[in-house]
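# Descriptive structure summary
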Amino acid sequence: MGLEEKLPSGIVLTSVEGLVGQMQSRSVWPATFGLACCAIEMMAVGTPDYDISRFGMERFAATPRQADLMIVAGRVSQKMAPVVRQVYDQMPNPKWVLSMGVCASSGGMFNNYAIVQGVDHIVPVDVYLPGCPPRPQMLINAILELHEQIRSSKFGVDRVKAARAAEAAAMNATPTHEMKGLLA
C-alpha cells in the first residue's frame, strides 16, 4: 500500500521542479528577431491557421524585457550581431533561444565575411530549426521540443550547475573538423 492509494481522488503528487517546469513551458513569451525570409514563416505561426496561442505564446513581445524566448529567424550579419547579443542580454532569466532556418543556424548559403556562420557564435542556442525557409509546422514542432526541454530542466541552483556542466562538456568536445565520421 503506497501513499497514492490513501489519498482522495483529485490529488496530484509532483515535485516543485515539475510544477515550475509546467508553468514555465505554458507561459513562454517570444521576442521576435526576424532578419530575413524566415521571419515571414514565423509571422504565419501567429495566424489562425496555425494558432500559436494554443501554447500560451500569442503575445510576441516588442521589448526584450518582457520576453523569455528569442526566435532568431534568418541570417545574422556581422553588423547585426552586437544588436542580437544586446537584446539577449536585456532578456530576464530564465531565457531560451530558438535558431530558425539554416542561415541562423549555420550561415546557410552565405559563406562570406559579412554573415555570422551560426547565431550560436553570439548567443547560446537551445533549439535549432533547419530548413530554408522552415514551414510554420516545423516552428510549432520546435516550440514543442523547447517546451519539453523547459519542463525537464532543473530549477534554481541546480539549473545553474547543469548549465555550467553543459558548457564545460561542449568546450571539451571534439571539434567538428577533427571528427572522423563512420567511414574513417
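Reference entry: report on the structure contained in this document. Each chain has its residues counted from 1, following the order in which its sequence is written. Whole-chain, interface and lining totals are the exception, using all residues; otherwise, since this is a predicted model, local features are given only for residues with pLDDT of at least 70 and side-chain atom pairs are given and counted only at 80 or more. Water and hydrogen atoms play no part in the side-chain values, which are based on all heavy atoms of the structure.

## A few points about the sheet that holds strand E2 (residues 69–73)
- Two strands form a pair only when DSSP identifies at least two bridges running between them. Numbering of helices and strands starts at the N terminus; helices are DSSP runs of H or I of at least 4 residues and strands are runs of E of at least 2. Ordered in space as E1-E2-E3-E4, the 4 strands form an open sheet in which the pairing is parallel. Only two strands of the sheet have a single partner each, and these edge strands are strand E1 (30–34) and strand E4 (127–129). The mean inter-strand angle of the sheet, taken between neighbouring strand axes irrespective of direction, is 15°.
- Where E1 meets E2, 5 bridges bridge the pair, whose relative direction is parallel. The residue bridging Phe 33 from the neighbouring strand is Val 72, located in E2. Lines fitted to the C-alpha atoms define the axes, with helices restricted to the stretch that makes contact. Angles between their N-to-C directions range from 0 to 180 degrees.

## Concerning the environment of Met 43
- Its place among the elements puts Met 43 in helix H3 (residues 38–44).
- Each C-alpha atom of the pair Met 43 and Phe 60 lies 9.8 Å from the other, and the pair is 17 residues apart in sequence.

## Considering the packing of helix H2 (residues 16–25) against helix H6 (residues 136–152)
- Packing of H2 against H6 leaves a shortest axis separation of 7 Å and a crossing angle of 150°. In terms of orientation, H2 and H6 fall into the roughly antiparallel class. Considering how the two elements wind past one another, H2 and H6 form a crossing that is right-handed. In contact with Gly 21, Gln 22, Gln 24 and Ser 25 of H2, H6 contributes His 147, Ile 150 and Arg 151.
- Under the convention adopted here, Pro, Cys and the residues Ala, Val, Leu, Ile, Met, Phe, Trp and Tyr are nonpolar, Asp, Glu, Lys and Arg are charged, and Gly plus all remaining residues are polar. Counted by class, the contact of H2 with H6 contains 1 nonpolar, 5 polar and 1 charged residues. Working definition: roughly parallel below 35 degrees, roughly antiparallel above 145 degrees, roughly perpendicular at 65 to 115 degrees, and oblique for all remaining angles. We call a crossing left-handed when the near helix sits turned anticlockwise from the far one by less than a right angle, and right-handed when that turn is clockwise. By definition in these notes, contact holds between two residues if any of their heavy atoms fall within 4.5 Å.

## Comments concerning the pairing of E2
- Each residue is assigned to one of three classes by its accessible area relative to the maximum for its type, calculated with a 1.4 Å probe on protein chains only: buried under 20%, partly exposed between the two thresholds, exposed over 50%. Burial of E2 is extensive: 5 of the 5 residues sit out of reach of the surface.
- Burial along E2 is two-sided: the residues Leu 69, Ile 71 and Ala 73 and Met 70 and Val 72 are all buried.
- Orient the strands so they point away from the viewer, and a crossover whose first-strand-to-second-strand path over the helix runs clockwise is right-handed. Viewed along the sheet, the connection from E1 through H3 into E2 turns out left-handed.
- Pairing between E2 and strand E3 (residues 96–100): 5 bridges, direction parallel. Bridge pairing links Ala 73 to Met 100 in E3.
- In this view, the connection linking E2 to its parallel neighbour E3 by way of helix H4 (residues 81–90) has right-handed handedness.

## Quick word on the nonpolar core
- Ranked by size, the top nonpolar core spans 23 residues in total, and within it Met 42, Met 57, Leu 69, Leu 98, Met 100 and Leu 139 carry the most contacts.
- Within the residue set of this core, elements represented by two or more residues are H3, E2, E3, E4 and H6.
- Per element, the largest residue contribution to this core is 6 residues, and it comes from H6.
- Not counting residues up to four positions away in its chain, the partners in contact with Leu 69 are Val 28, Trp 29, Pro 30, Ala 31, Met 57, Met 91, Trp 96, Val 97, Leu 98 and Leu 146.
- Put simply, a nonpolar core is a bunch of buried Ala, Val, Leu, Ile, Met, Phe, Trp, Tyr and Cys residues held in one set by side-chain atoms that sit within 4.5 Å of each other. With 16 residues, the next largest nonpolar core counts Val 72, Ala 81, Met 91 and Val 97 among its residues.

## Topic: the state of the cysteines
- In plain terms, two cysteine sulfur atoms within 2.5 Å form what is called a disulfide here. Tallied over the entire structure, the rule returns 0 disulfides.
- With no disulfide of its own, Cys 103 lies closest to Cys 132 among cysteine sulfurs, the gap being 5.5 Å.
- Classification of Cys 103 by relative accessible area gives buried; the value is 10%.

## Quick look at H2
- Taken together, the buried positions of H2 are occupied by Val 20, Gly 21, Gln 24 and Ser 25. Angularly, the buried residues of H2 cover 125° about the axis, an arc narrow enough to put them on a single face.
- On its buried face, H2 sits against E3 and H6. To obtain the arc, one takes the directions from the helix axis to the C-beta atoms.

## Details of the side chain of Ser 105
- Counting through the fold element by element, Ser 105 comes out in helix H5 (residues 102–106).
- Residue Ser 105 is classed as buried on the basis of its relative accessible area of 16%.
- A polar contact is formed between the side chain of Ser 105 and the side chain of Ser 99, at a distance of 3.0 Å.
- If sequence neighbours within four positions are ignored, Ser 105 has contacts with Ser 99, Gly 118, Val 119, Asp 120, Tyr 128 and Leu 129. Between N or O atoms, a polar contact is any pair within 3.5 Å; within protein, one atom must be a potential hydrogen donor and the other a potential acceptor, and residues adjacent in sequence are included only when both atoms are from side chains.

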